[in-house]
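Notes for the structure review
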Amino acid sequence: MTLAPPPVPGSGQWTDARLLYALEEVVEKELNRHLKAAQEWMPHEYVPWSDGRNFDGPLDGDPWAPEQSKVTDIGRIALVVNLLTEDNLPSYHREIATRFGRDGAWGTWVHRWTAEEGRHGIVMRDYLLTSRAVDPVRLERLRMTHMSEGYESDGWQSMLHSVAYVSFQELATRISHRNTGHQSGDPVCDRMLARIATDENLHMVFYRNLLRAAFEIAPDQTMQAVRDVVVDFRMPGHGMPGFERAAAQMAIGGIYNLRIHHDDVLQPVLRFLKVMEISGLGPDGLKAQEELGLYMDGLDGEARKLDERLAARRARIEARKEAAGS
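Below, the structure is looked at part by part.

What counts and how
- Residues numbered from 1 in each chain as written.
- Predicted model: local features only at pLDDT ≥ 70, side-chain atom pairs only at ≥ 80, totals over all residues.
- Heavy atoms only, no water.
- Helix = DSSP H or I, 4+ residues; strand = E, 2+ residues; numbered from the N terminus.
- Buried < 20%, exposed > 50% of the residue type's maximum accessible area, 1.4 Å probe, protein only.
- Contact = heavy atoms within 4.5 Å.
- Axes fitted to C-alpha atoms, helices over the stretch in contact; angles between N-to-C directions.
- Parallel < 35°, antiparallel > 145°, perpendicular 65-115°, else oblique.
- Left-handed = near helix turned anticlockwise from the far one by under 90°.
- Nonpolar A, V, L, I, M, F, W, Y, C, P; charged D, E, K, R; others polar.
- Salt bridge = Lys/Arg side-chain N within 4 Å of Asp/Glu carboxyl O.
- Phe/Tyr/Trp six-rings, centres within 6.5 Å; stacked < 30°, edge-to-face > 60°.
- Lys NZ or Arg CZ within 6 Å of the ring centre and 35° of its normal.
- Expected span 1.5 Å × (residues − 1).
- Core = buried A, V, L, I, M, F, W, Y, C linked by side-chain atoms within 4.5 Å.

A few words now on the side chain of Asn88. Within the element layout of this structure, Asn88 appears in the loop between helix H3 (73-87) and helix H4 (89-100). Here Asn88 falls in the buried class, since its relative accessible area comes to 1%. If near-sequence neighbours (up to four positions away) are discounted, Asn88 is found in contact with His146, Met147, Gly150 and Tyr151.

As structure tokens, then:
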């Protein structure tokens, strides 16, 4: 595939303003496609309200205890991480509204995306509290701490970096939600997270298609943005209290780890975009493409080492179980 940018009067670089204008028609097309594909759903329909009862406090209910939870230990950890990530929606809205603007098709998408994402936090919190899946006091204290700090993207100021980041991040979030549901041990939770994951997948498709269009207009700059994002990728919840420990537990539990990140998040998007096949790049684009390829090879090696460590850990656990049962 050979891509070449159209001439830009008086500049060898596409500015954000020019790119926003040039991609407006693509955004409108993708927005219309998204609206046709997206299905309306009601958060309250996924919550087991009949399981609910009052907590201790002003209503003199029952205090929370771990044995009341239907979900697995790893399910509780991941659900808290996933919900706290969704809780920072106001900060995410500010980020994309600043990058993409609030006018025209861009603005319509920004507000539509925010409205759809809002459902996720609503249904997850209602489920967690109604089913008593997690400690409500700890959850609220973590929410206050996390939201008080806010969220800011990792120093990426260009709109191309933002589009590249969300192309991968939306898929990563979908995978995390879906695997959490599978590992939760509660069919109600699994069904709820599957519904959320469907939204996240549609959001990923929107941004991924937009990124493809950006490659056609400004391949060198887009390649550099993709390289930067892939090499320095972090999940949006990285700033929450205890994230590193929770992320390690989720990695061991098979919800999200390097192998999943490489195989199920980065590779599918890069393959769809045919990033390593793009020709006609300038020196900066070629350098970014080469560095991206080298990074992916290295990440695959790191993931292989992690796979081996996790397999060895599982073998030790099974051996101890067999020894204990003999």
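So that's the structure; there's more coming.
Here the focus is the packing of helix H2 (residues 24-37) against helix H8 (residues 187-217). Across the interface, H2 lies against H8 with an axial gap of 10 Å and an inter-helix angle of 160°. Judged on the interaxial angle alone, H8 and H2 are roughly antiparallel. For H2 against H8, the interelement crossing comes out right-handed. Between H2, through Val26, Val27, Glu30, Leu31, Arg33, His34 and Ala37, and H8, the contact on the second element is made entirely by Leu202, His203, Val205, Phe206, Asn209, Leu210 and Ala213. Within the contact of H2 with H8, the residues separate by chemical class into nine nonpolar, three polar and two charged.

It is worth spelling out the pattern of salt bridges at this point. Summed over the entire model, instances satisfying the criterion amount to 19 salt bridges. In this structure, Arg227 and Glu291 form a salt bridge, with 2.5 Å as the shortest nitrogen-oxygen distance. Taken together, the residues Arg227 in helix H9 (residues 219-231) and Glu291 in helix H12 (residues 283-325) connect sequence positions 64 residues apart. The class of Arg227 is buried, set by a relative accessible area of 13%. The network of salt bridges with shared partners includes Arg259, Asp263, Asp300, Arg304 and Asp307.

Turning next to the environment of Glu140. Note that Glu140 resides in helix H6 (residues 136-149). When its relative accessible area of 33% is taken as the criterion, Glu140 is described as partly exposed. Remark: the alpha-carbon pair of Glu140 and Leu84, spanning 56 residues in sequence, is separated by 9.5 Å.

Turning our eyes to something else, we now look at the packing of aromatic side chains. Within the structure shown, the criterion is met by six aromatic pairs. Note on Trp41 and Tyr46: the rings are 5.5 Å apart at their centroids and 85° apart in plane angle, and the pair reads as edge-to-face. Measuring from centroid to centroid gives 4.9 Å for Phe100 and Trp106, while their planes differ by 40°, and the two rings are tilted. Each member of the pair, Phe100 as well as Trp106, is classed as buried. Put simply, the rings of Trp109, Phe206 and Tyr207 touch in pairs and so form one group of aromatic residues. Across the ring face of Phe55, the terminal group of Arg132 is positioned such that the distance to the ring centre comes to 4.0 Å. Sitting over the ring of Phe272, Arg208 keeps its end group 3.6 Å from the ring centre.

What follows concerns H9. The periodicity of an α-helix, 3.6 residues per turn, causes residues three or four positions apart to be oriented the same way. The terminal C-alpha atoms of H9 lie 18 Å apart, and with 13 residues this matches the ideal 18 Å at 1.5 Å per residue to within 8%. Among all positions in H9, only Pro219, Gln221, Thr222, Met223, Ala225, Val226, Arg227, Val229 and Val230 are buried. Buried-residue contacts for H9 involve helix H7 (159-183), H8, helix H11 (258-273) and H12.

Let's shift gears to unusual backbone geometry. Backbone geometry places Asp60, a non-glycine residue, at a positive phi of 55°. Within the secondary structure, Asp60 sits in the loop between H2 and H3. With phi around 55°, Arg132 is a residue other than glycine that occupies positive phi space. Considering the arrangement of structural elements, one finds Arg132 in the loop between helix H5 (104-130) and H6. On the accessibility criterion, Arg132 (2% relative accessible area) is buried.

Below, the discussion takes up the nonpolar core. Core analysis: the largest hydrophobic core is formed by 86 residues, its most contacted members being Phe100, Met159, Phe168 and Val226. At 14 residues, H8 tops the list of elements feeding residues into this core. Phe100 has contacts with Leu20, Trp106, Val110, Met159, Ser162, Val163 and Tyr207, leaving out every residue within four places of it along the chain.

Moving on to the packing of H8 against H9. The interhelical angle for the contact between H8 and H9, taken along N-to-C directions, is 135°, at an axis separation of 6 Å. With respect to each other, H8 and H9 are oriented oblique. The residues of H9 that touch H8, namely those facing Leu211, Ala214, Phe215 and Ile217, are Pro219, Thr222, Met223 and Val226. Class assignment of the residues belonging to the contact of H8 with H9 gives a composition of seven nonpolar, one polar and no charged.

Keep in mind these values describe shape, not function.
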